[in-house]
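Read off the chains here:
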Amino acid sequence: MNYKMVGRLIGKMLVVEAVFMIPALFISLFEREYRAVLGFAVSMAVIFVIAGVLSLLCRGSQKKFYAREGLVCVGLSWGILGLLGGLPFYLSGEIPDFVDAFFEIVSGFTTTGASIVPEVEKLSKGILYWRSFSHWLGGMGVLVFLLAVTSAGGGDNGFTMHLLRAESPGPNVGKLVPKMRKTAEILYALYILLTVLNVIFLLAGGMPVFDAVCTAFGTAGTGGFGVKNDSIAGYSSYLQNVCTVFMMLFGVNFTCYYLLLLRQFRNVFRDEELRMYLGVALGSVVLITLDLKGFYPTFGETLRHAAFQVASIMTTTGFATTDFDLWPAFSKAILLGLMVIGACAGSTGGGFKCGRALLALKSLRRSVRQVIHPERVQVVRSNGHPVDEKILQNVNAYLAAYVLVIILSFLLISIDGFSVTTNLSAVLACFNNIGPGLEAVGPSCNFSGFGWFSKLVLIMDMLAGRLEIFPILILFSKYTWKRR
Amino acid sequence: MKIIISGDGKLGAALTRQLSAEGYDLTLIDANLKVLESSEERYDIMVVQGNCASMSVLEQAGVREADLLIAVTGADEINLLCCMTAHGMNPALHTIARVRNPEYTDQVYKMRDMFALSMAVNPEMQAAIEMERLLKYPGFLKRDTFAKGRVEIVELRINADSKLCNVALNDMNNIVKCQILICAVLRSGKAIAPDGNFVLREGDRIFVTAAARELATLLKNLEMITHKVKHAILCGGGRVSYYLAKQLHKSGINVKILERDPARCVQLATVLPEADIIQGDASSQFLLEKEGISDCDALVTLTGLDEFNMIISLYGTSCGVPQVITKLGRIDNSNILGELSIGSIISPKELCSNSIVRYVRAMNNQTGAAVSVHTIADGQAEAMEFRVDEAVRYRGVPLKQLHVKKNVLVACITKGATQEIPNGDSYFDTGDTVIIVTNGEKGIFQLNDIFEW
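Residues numbered from 1 in each chain as written. Chains lettered and ligands numbered in written order. Predicted model: local features only at pLDDT ≥ 70, side-chain atom pairs only at ≥ 80, totals over all residues. Heavy atoms only, no water.

## Some details on the overall build of chain B
Note the threshold: Segments assigned H or I by DSSP are reported as helices when at least four residues long, segments assigned E as strands when at least two residues long, and all are numbered from the N terminus. As a reference, a globule follows 2.2 Å times the number of residues to the power 0.38, and the radius of gyration itself is taken over C-alpha atoms. Working rule for contacts: check all heavy atoms of both residues, and any pair within 4.5 Å makes them a contact. Each accessible area is a Shrake-Rupley result for a 1.4 Å probe, and residues are judged covered by the shown protein chains and nothing else. Charge counting follows a simple rule: Lys and Arg are positive, Asp and Glu are negative, and His as well as the terminal groups are ignored. The atoms used to mark charge sites are NZ of Lys, CZ of Arg, CG of Asp and CD of Glu.
When helices and strands are counted, chain B shows 14 helices and 22 strands. In terms of overall dimensions, chain B is globule-like: its C-alpha atoms have a radius of gyration of 23 Å, near the 22 Å expected for 453 residues. With the principal axes as the frame, chain B shows a C-alpha extent of 65 × 65 × 40 Å. Summarising the internal contacts of chain B: among those between residues at least 6 apart in sequence, 62% fall at separations of at least 24. With an accessible surface of roughly 20000 Å², chain B has 51% of that area assigned to carbon and sulfur atoms. Distance between charge centres in chain B, computed from 47 positive and 55 negative side chains, equals 3 Å.

This is how it looks when you write it as structure tokens:
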């Protein structure tokens, strides 16, 4: 392990975090919320001191940086990001319990949107802003941001690839252009562009500026923290539709947007993952609309709510316009299914990812055919290109790890004595970075009822879900910490 | 600048290392996913798997936006086809192909336009030319040329009986009696930038800048072996041997080639009627003795195995062969090799990749980048050649008034056809060529970078 290099990168990342607290600090100052100001100021000081100590301790690091360092670095930095990012909540006294503050900010950074705050509107503006902004930062990844603004480590070598791979979701992470830094820049440019567009559309519908910015952050990161107690339900139907569209947009692989800019329209529209993503979403909307016949007064309203909830759950955002916990069982079952499938690889969304599901299904189909016709040689293809066996193996391993994590966390949080539906949906909602689940953790309720142990388990789930399990899993492996 | 490299073999990897360190946008194409993955891990590049001569793969690699394509796969035919296809897709593209088969040499030269080649490289031929240059001036371990061949930096070893042994650099001029400059000394593995009081010791390897025409004088005044090489033994009958034998025959040197494979021997005997082709194992001391290793003037080891080459060369030095040249495929750990007495080391791969890198720099030269860069002193120092243009500051100002960075030495200034080893009164002006030596630390990309402010 190259501890010094990992330490240096974490130090740099902390500086980024502290710098991003500045706008929140100013908002608190502007709104004269002095407890929040104190919280932010002290947190920033603490973070800067820790970052300074880290960079002092880790001077003169070697340049050796391999896949293991990349994974450990990402896993550790997200944990630390959460621990320190939760400080303003705790220090300002607005979330008095530290585990709760930790839960809330991890939920923010992992773009989950699961909250322990019963009355969101009681929080101060600066805290609300920081909560929503954590979605935006966590959506594309803090280390990717670090890659975009600095030549992290200064090397021209490929080690930065390990960081991108560990932090970006998807079975097969690649660069858009030869240079790592340029790739990260392009990703963030697209991200910022889409976010700004979202804000503009929201403002056009008459949403207050603060609400528009926070909602756009929540949408962009596919997070789901709202600034109102009833999430998006109180806004006009136009604003709800804007959210639906932008949630879907942020659930698309960002490579598609880059290809659109390059005018490679054919490649985009032939993309199997995108087709599956849109197809599943459309199918679910149709089924739920049919199932909800008579639930809402008009067909238009039914369609609007169905589309919003499908987009919100599938892209793992977790906004709500209605309490879908009251919906019929079939509709709820569809939503549970969507929770697992998730958004596209390479988007800001979570879940198992459409691309991965596609590969898993294809390799399942191959295995079935293999049983019937053992001599047949079959190659799994994606978008017409053969898929490397290693990637398929990876997808299958991921599937196993995914199921294992769900079962294990389900067992662990069952101690708190909630119903099976609550527990299962809580695990799915956290692990897939969605936010609201069903029953006691449904859209109109929150996670404050769980004990601290369950909260810690769910925090781990959120981190594992956002970072695609392995960076978190290897932190617990003794081989990781052995000498090479 | 966007560069595509087809073929991630030994040469491809060397090019990737050098060019990615210089910050170009690289895309690497190879059919083998394994090697691509390991390259992707080590360097900041993009990789594409597939056949580099196919349009769809080239398209994927972004050939339409690329500035240069370097085709260095194992097969000449694929390299040529790759360049033709790519050039067809993007007529503004520069192309470099490696063509190794001697049978193609002529047509590649004569039909360059048809093959759409900007440059063809042949590592074995380059190695042979380099070896011949060394054999012409026995005594030099390495020669790097600058300013279109008019200036050289040569490497010499100081032996116990050398006239320069235990001499301070201030007193050197009385011995060599010509204009030279010692720009670096390699002592027990470490490069030193010497000043006037520096005393040379036995075992030092010195790097001397001199005008090409002064080299003969230098050798004569140092009383180093100046007798011409007449008989050379080449161990191994590969492509380098073939090219070298041809070259040496032109300069009137008798060549003996030892080759193990009987069929290859017949081939060589057919194409090289003037050389002695001996069938036998070159690593056997008995055979070497029998073929007169003790009496020959030069031994060149060119078998396919680095280990064999090193051992045969060691044996050759111990037999007292005055000039030994060793071909090595890998010189990654050349600081170990410096300790061995295996004479000059030539790596075809390295020579070839250097010449391609030079081409790339020349392409990129609008910004005043170095025309050529040679690494000397086992990679611990770099000699760079710059052309002085309008953008260079302090033109016409004597060097003694300039504040040049501490680790930079101005080694030579070429004005038109005259070369000048600079002293404090020297200056450079527009159109001159300046050679500087640095200790290899990064940060010097154009001539203006050598000034402190």
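## Describing the interface of chain A and chain B
One widely used convention gives an interface's size as the accessible area the parts lose upon coming together. The condition that has to hold: Buried area, as used here, totals the accessible surface that two parts lose on assembly, with accessibility defined by a 1.4 Å probe and the loss added over both. Any carboxyl oxygen of Asp or Glu that lies within 4 Å of a side-chain nitrogen of Lys or Arg is treated as forming a salt bridge with it. Each polar contact in these results corresponds to two N or O atoms within 3.5 Å; when the atoms are within protein, one needs to be able to donate a hydrogen and the other to accept it, and residues that are neighboring in sequence are counted only if both atoms are side-chain atoms. In this classification, Asp, Glu, Lys and Arg are treated as charged, Ala, Val, Leu, Ile, Met, Phe, Trp, Tyr, Cys and Pro as nonpolar, and every other residue, Gly included, as polar.
Residue-level contacts link 16 residues of chain A with 16 residues of chain B. Taking both sides of the interface into account, the surface hidden between chain A and chain B amounts to around 1300 Å²; carbon and sulfur atoms contribute 45%. Seen at the junction of chain A and chain B, the total is one salt bridge. We note a salt bridge from A:K390 to B:E37, for which the minimum N-O separation is 2.8 Å. Counting across the chain A and chain B interface gives one residue pair in polar contact (both at pLDDT 80 or more). Ranked by residues supplied to the side of chain A that touches chain B, first place goes to helix α8 (residues 160–167) of chain A with three residues. The residue inventory of the side of chain A that touches chain B, partitioned by class, reads six nonpolar, three polar and seven charged.

## Notes on the pairing of strand β13 (residues 254–259) of chain B
All names here are of chain B. Rules: One bridge is not enough; two strands pair if DSSP finds at least two bridges between them. Note on handedness: a clockwise path from strand one over the helix to strand two, with the strands aimed away from the viewer, defines a right-handed crossover.
Two strands pair when backbone bridges link them, and strand β12 (residues 231–235) and β13 are joined in this way by five bridges, in the parallel orientation. If you follow I233 over to β13, its bridge partner there is K256. In the classification by handedness, the crossover that spans β12, the intervening helix α9 (residues 239–250) and the parallel β13 is right-handed. Tracing the backbone out of β13, into helix α10 (residues 262–271) and back to the parallel element strand β14 (residues 276–279) gives a crossover that is right-handed.

## A short note on the packing of aromatic side chains
Residues and elements named next belong to chain A. As a reminder of what qualifies: Pairing of aromatic rings covers Phe, Tyr and the six-membered ring of Trp, with a centre-to-centre limit of 6.5 Å; geometry is then stacked below 30 degrees between planes, edge-to-face above 60, and tilted otherwise. Think of it in three bands: with a 1.4 Å probe and only protein chains considered, a residue is buried below 20% of the maximum accessible area for its type, exposed above 50%, and partly exposed in between. The criterion for a charge sitting over a ring is simple: Lys NZ or Arg CZ within 6 Å of the ring centre, and within 35 degrees of the ring normal.
Per the counting criterion, the structure on display carries 32 aromatic pairs over all chains. Measuring from centroid to centroid gives 5.3 Å for Y90 and F98, while their planes differ by 85°, and the two rings are edge-to-face. In this structure Y90 comes out as partly exposed when scored by relative accessible area, which is 36%. Here the aromatic rings of W452 and F453 are separated by 6.4 Å at their centres, their planes lie at 90°, and the arrangement is edge-to-face. Since its relative accessible area comes to 58%, W452 is described here as exposed. Given a relative accessible area of 36%, F453 falls into the partly exposed group. One residue, R131, lies across the ring of F225, its end atom 3.9 Å from the ring centre.

## Observations concerning the confidence of the model for chain A
The cut-off we apply is this: The pLDDT score gives, residue by residue, the confidence of the prediction method on a 0 to 100 scale.
On average, chain A scores 88 in pLDDT, and the residues at 70 or more come to 96%. Residue range residues 152–158 of chain A is modelled with pLDDT below 50. Its contacts to residues more than four positions away, or to other chains, number 22 contacts.

## Some words on unusual backbone geometry
Residues and elements named next belong to chain A. With a phi angle near 55°, S231 is a residue other than glycine that sits in the positive phi range. Tracing the backbone shows S231 in the loop between α10 (209–220) and α11 (237–250). Note on S231: relative accessible area 15%, which makes it buried. Despite not being glycine, N383 shows a phi value in the positive range, around 50°. In this structure, N383 sits in the loop between β1 (381–382) and β2 (385–386). Taking the relative accessible area as the measure of exposure, N383 reaches 35% and is therefore partly exposed.

## A closer look at the side chain of A:S115
Residues and elements named next belong to chain A. Mapped onto the elements of the fold, S115 is located in the loop between α5 (98–109) and α6 (125–140). For S115, a relative accessible area of 10% puts it in the buried group. Within polar-contact distance, the side chain of S115 engages the side chain of E104 at 3.0 Å. Looking at S115, its side chain comes within polar contact range of the side chain of R131, at 3.3 Å. Ignoring anything within four residues of it in the chain, the contact list for S115 reads E104, R131, F225, N446, F447 and S448.

## Here's the deal with the pattern of salt bridges
Residue and element names in this part refer to chain B. Counted by the stated rule, this structure contains 21 salt bridges over all chains. The closest approach of N and O atoms between R17 and E350, which form a salt bridge, is 3.7 Å. On the criterion of sequence distance, the pair formed by R17 in helix α1 (residues 10–21) and E350 in helix α14 (residues 348–363) is long-range, its members being 333 residues apart. Residue class for E350 comes out buried when judged on its relative accessible area of 18%.

## Quick word on the nonpolar core
Heads up, the rule is: Only buried residues count toward a nonpolar core. Its members are Ala, Val, Leu, Ile, Met, Phe, Trp, Tyr and Cys residues joined through side-chain atoms within 4.5 Å.
With 149 residues, the main nonpolar core has A:F103, A:W130, A:F254, A:Y277 and A:F447 as its most contacted residues. Other than its neighbours up to four places away in sequence, A:F103 contacts A:A114, A:I116, A:C430, A:F447, A:K455, A:L458, A:I459 and A:M462. By size, the runner-up hydrophobic cluster in this structure holds 25 residues, among which are B:A232, B:V240, B:L268 and B:A298.

## Here we look at the domain arrangement of chain B
The test is simple: Domain ranges listed in this record stem from an automatic or a database domain assignment.
Along its sequence, chain B is carved into domain 1 (2–121), domain 2 (144–221), domain 3 (231–350) and domain 4 (388–450). On a C-alpha basis, the centres of domain 2 of chain B and domain 3 of chain B stand 28 Å from each other.

## Some words on the side chain of A:E273
All names here are of chain A. With respect to the helices and strands, the residue E273 is situated in helix α14 (residues 272–291). Within the buried core, E273 has no salt-bridge partner, and the shortest N-O distance to an opposite charge, that of K353, equals 8.2 Å. At 2.8 Å, the side chain of E273 forms a polar contact with the backbone nitrogen of G355. Excluding residues within four positions of it along the chain, E273 makes contact with N253, C344, A345, C354, G355 and L358.

## Remarks on a nonpolar patch on the surface
Residues and elements named next belong to chain A. This is how it is decided: Patch rule: a residue counts if its relative accessible area is over 30% and it has no salt bridge; like charges are joined within 9 Å, and nonpolar side chains (Val, Leu, Ile, Met, Phe, Trp, Tyr) within 5 Å.
A contiguous nonpolar patch, built from V15, V19, I22, F26, L29, Y34 and F48 and spanning about 620 Å² of accessible area, is present on the exposed surface. Of all elements in the fold, only α1 (3–30) and α2 (34–57) reach the threshold of two or more residues within the nonpolar patch. Residue contributions to the nonpolar patch peak at five residues, all from α1. Structurally, the position occupied by I22 is in helix α1. Of the residues examined, I22 reaches a relative accessible area of 32% and is grouped as partly exposed.

## Section: the packing of helix α16 (residues 329–341) of chain A against helix α19 (residues 420–431) of chain A
All names here are of chain A. Stated formally: Lines fitted to the C-alpha atoms define the axes, with helices restricted to the stretch that makes contact. Angles between their N-to-C directions range from 0 to 180 degrees. Crossing handedness follows the turn of the near helix against the far one: under a right angle anticlockwise gives a left-handed crossing, and clockwise gives a right-handed one.
It is the contact of α16 with α19, at a shortest axis distance of 9 Å, that shows an interaxial angle of 35°. α19 is crossed by α16, and the crossing has left-handed handedness. Across the interface between the two elements, L336, M339 and V340 from α16 touch S425, L428 and A429 from α19. Of the residues that constitute the contact of α16 with α19, the class distribution is five nonpolar, one polar and no charged.

## Focus: the confidence of the model for chain B
Residues and elements named next belong to chain B. For chain B, the average pLDDT comes to 84, and 95% of its residues sit at 70 or higher. Per-element confidence in chain B ranges from a low mean pLDDT of 64 for helix α13 (residues 334–337) to a high of 94 for strand β4 (residues 68–71). Prediction confidence for the complex, expressed as pTM and ipTM, is 0.80 and 0.74 respectively.

## Observations concerning the state of the cysteines
Where we set the bar: What counts as a disulfide here is a pair of cysteine sulfur atoms lying within 2.5 Å.
If you walk through the whole model with that rule in mind, you get zero disulfides over all chains. Free cysteine A:C430: the closest other cysteine sulfur is in A:C445, separated by 14 Å. Not engaged in a disulfide, the cysteine B:C82 finds its nearest cysteine sulfur in B:C52; these two sulfurs lie 3.9 Å apart.

## Here we look at α1(B)
All names here are of chain B. Quick note on the threshold: One less than the number of residues in a helix, times 1.5 Å, gives the span that helix is expected to have.
Spanning 12 residues, α1 covers 17 Å between terminal C-alpha atoms, matching the ideal 16 Å at 1.5 Å per step. Three or more residues of α1 are buried, namely L11, G12, A14, L15, T16, Q18, L19 and S20. Those residues of α1 hidden inside the fold are in contact with β1 (2–6), β2 (25–30), β4, β5 (94–98) and α14. Where α1 terminates, the next one or two residues include G23, which has phi positive at roughly 90°.

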